[in-house]
Amino acid sequence: MSERIEPVGRPGNEPVKAPAQNEGAAAAGADDRPAAKVARYSQRLLNEGHERWEGHRCPICFLFIGLPVGEHAMMNVCCVKRVCKGCSLAACQRGLRGCEFCRTPRPTDDASKLAMILKRVSKGDAEAIYHLAGQYYYGRLGLTKDVPRAVETWTEAAELGSVEAHYSLGIEYYYGDGVQEDKPRGVRHWQEAAMEGHVQSRHNIGAVECNNGNYDLAVQHWMISAKMGYETSLNAIKEVFMKGQATKAQYAEALRGFGDAAEEMKSHQREEAKRLGV
Ligand SMILES: [Zn+2]
Ligand SMILES: [Zn+2]
């Protein structure tokens, strides 16, 4: 069963069918650091990042954005802020046509969008650099698709503190997409992001542990991401519970935690946006 539960995600939150991985990918232990140091790091990894990363909070209603974030919010290139669909709808209903957050008129063509991103990139804005990398990755906004350049750019963003860039680099190195496959390196990027509260990175660490047969550890990681509102982690816990590798109490705890997080992300505006198919 070990290949059933896979790390998920693509840069930019676009879903993809991940190839089956069944080899012993290294998690927090399989490196050459002294055992005590590794143990301390593993403990830190479990202790930190239980609160979601603030970058996934809508800057207008201050609620955390639903997961995956790319489906529940729109990125504005003017300020590189992601506004939830509920707030977008509310702004639209008030007749606001520009950016909901900074009021900048919306750029109409790719060249102006790219120019806005580059302006922030030139100031060393980590989020803008992260976003630029995604444009290279997919070949958008008039840029030629260039995965190695995307990886280079994510690396720069990660060094400047972009949590999402760590997540993307985790995917690139784990799957060897445009770079030499290096699973331990990929996992280390997810660990960095997970300790900052990046939900999908936390889920992926759990999936790697599961693939390694470390079910107890996998459930501990998924419990954290399920409680932050990630349904994929809840389902993963359910799957291992059905196979007898997690307890009923653990599944019940995950269900409750997930339900609470989902409830906290609800708002009248978001429900309205969902109803209207925004
Ligand atoms: Zn909002
Ligand atoms: Zn803006």
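Predicted, not measured: the structure shown is a model, and the values here were computed from it.

Chemist: Looking at this structure, how should I read the packing of helix H9 (residues 199-211) against helix H10 (residues 215-227)?
Modeler: For any two helices packed against each other, one specifies the inter-axial angle together with the distance between the axes. Orientation of H9 relative to H10, taken along the N-to-C sense of each, is 165 degrees, at an axis distance of 7 Å. As summarised for this structure, H9 and H10 are arranged roughly antiparallel, according to the angle between their axes. Here the hand of the crossing between H9 and H10 comes out left-handed. Two secondary-structure elements touch here, H9 through Val199, Arg202, His203, Ile205, Gly206, Ala207, Glu209 and Cys210 and H10 through Tyr215, Leu217, Ala218, His221, Trp222, Ile224 and Ser225. Of the residues belonging to the contact of H9 with H10, the class tally is 9 nonpolar, 4 polar and 2 charged.

Chemist: Mind showing me how you'd approach the coordination of the zinc ion (ligand 2) here?
Modeler: Coordination angles at a metal have ideal targets, namely 109.5 degrees for four tetrahedral donors and 90 or 180 degrees for six octahedral donors. In the first shell of the zinc ion (ligand 2), the protein supplies Cys78 (SG), Cys79 (SG), Cys99 (SG) and Cys102 (SG), at 2.3 Å from the metal. Around the zinc ion (ligand 2), the 4 donor atoms are arranged such that angles at the metal cover 101 to 118 degrees; this shape is classified as tetrahedral. Each donor residue of the zinc ion (ligand 2) belongs to the same chain, and together they define the spacing C-C-x19-C-x2-C.

Chemist: Could you clarify how one ought to interpret the packing of H10 against helix H12 (residues 248-264) in this entry?
Modeler: Close contact between H10 and H12 brings their axes to 8 Å; oriented N to C, the two are set at 20 degrees. By the angle between their axes, H10 is roughly parallel relative to H12. Here Asp216, Val219, Met223, Ala226 and Lys227 of H10 lie close against H12, whose contacting residues are Gln250, Glu253, Ala254, Gly257, Phe258 and Ala261. A class-by-class count of the residues in the contact of H10 with H12 yields 6 nonpolar, 2 polar and 3 charged.

What counts as what
- Residues numbered from 1 in each chain as written.
- Chains lettered and ligands numbered in written order.
- Predicted model: local features only at pLDDT ≥ 70, side-chain atom pairs only at ≥ 80, totals over all residues.
- Heavy atoms only, no water.
- Axes fitted to C-alpha atoms, helices over the stretch in contact; angles between N-to-C directions.
- Helix = DSSP H or I, 4+ residues; strand = E, 2+ residues; numbered from the N terminus.
- Parallel < 35°, antiparallel > 145°, perpendicular 65-115°, else oblique.
- Left-handed = near helix turned anticlockwise from the far one by under 90°.
- Contact = heavy atoms within 4.5 Å.
- Nonpolar A, V, L, I, M, F, W, Y, C, P; charged D, E, K, R; others polar.
- Donors = N, O, S within 2.8 Å, 3.2 Å for Na, K, Ca; no water.
- Tetrahedral: all angles 85-135°; square planar, octahedral: opposite > 155°, others 65-115°.

Just geometry here; none of it tells us what the structure is for.
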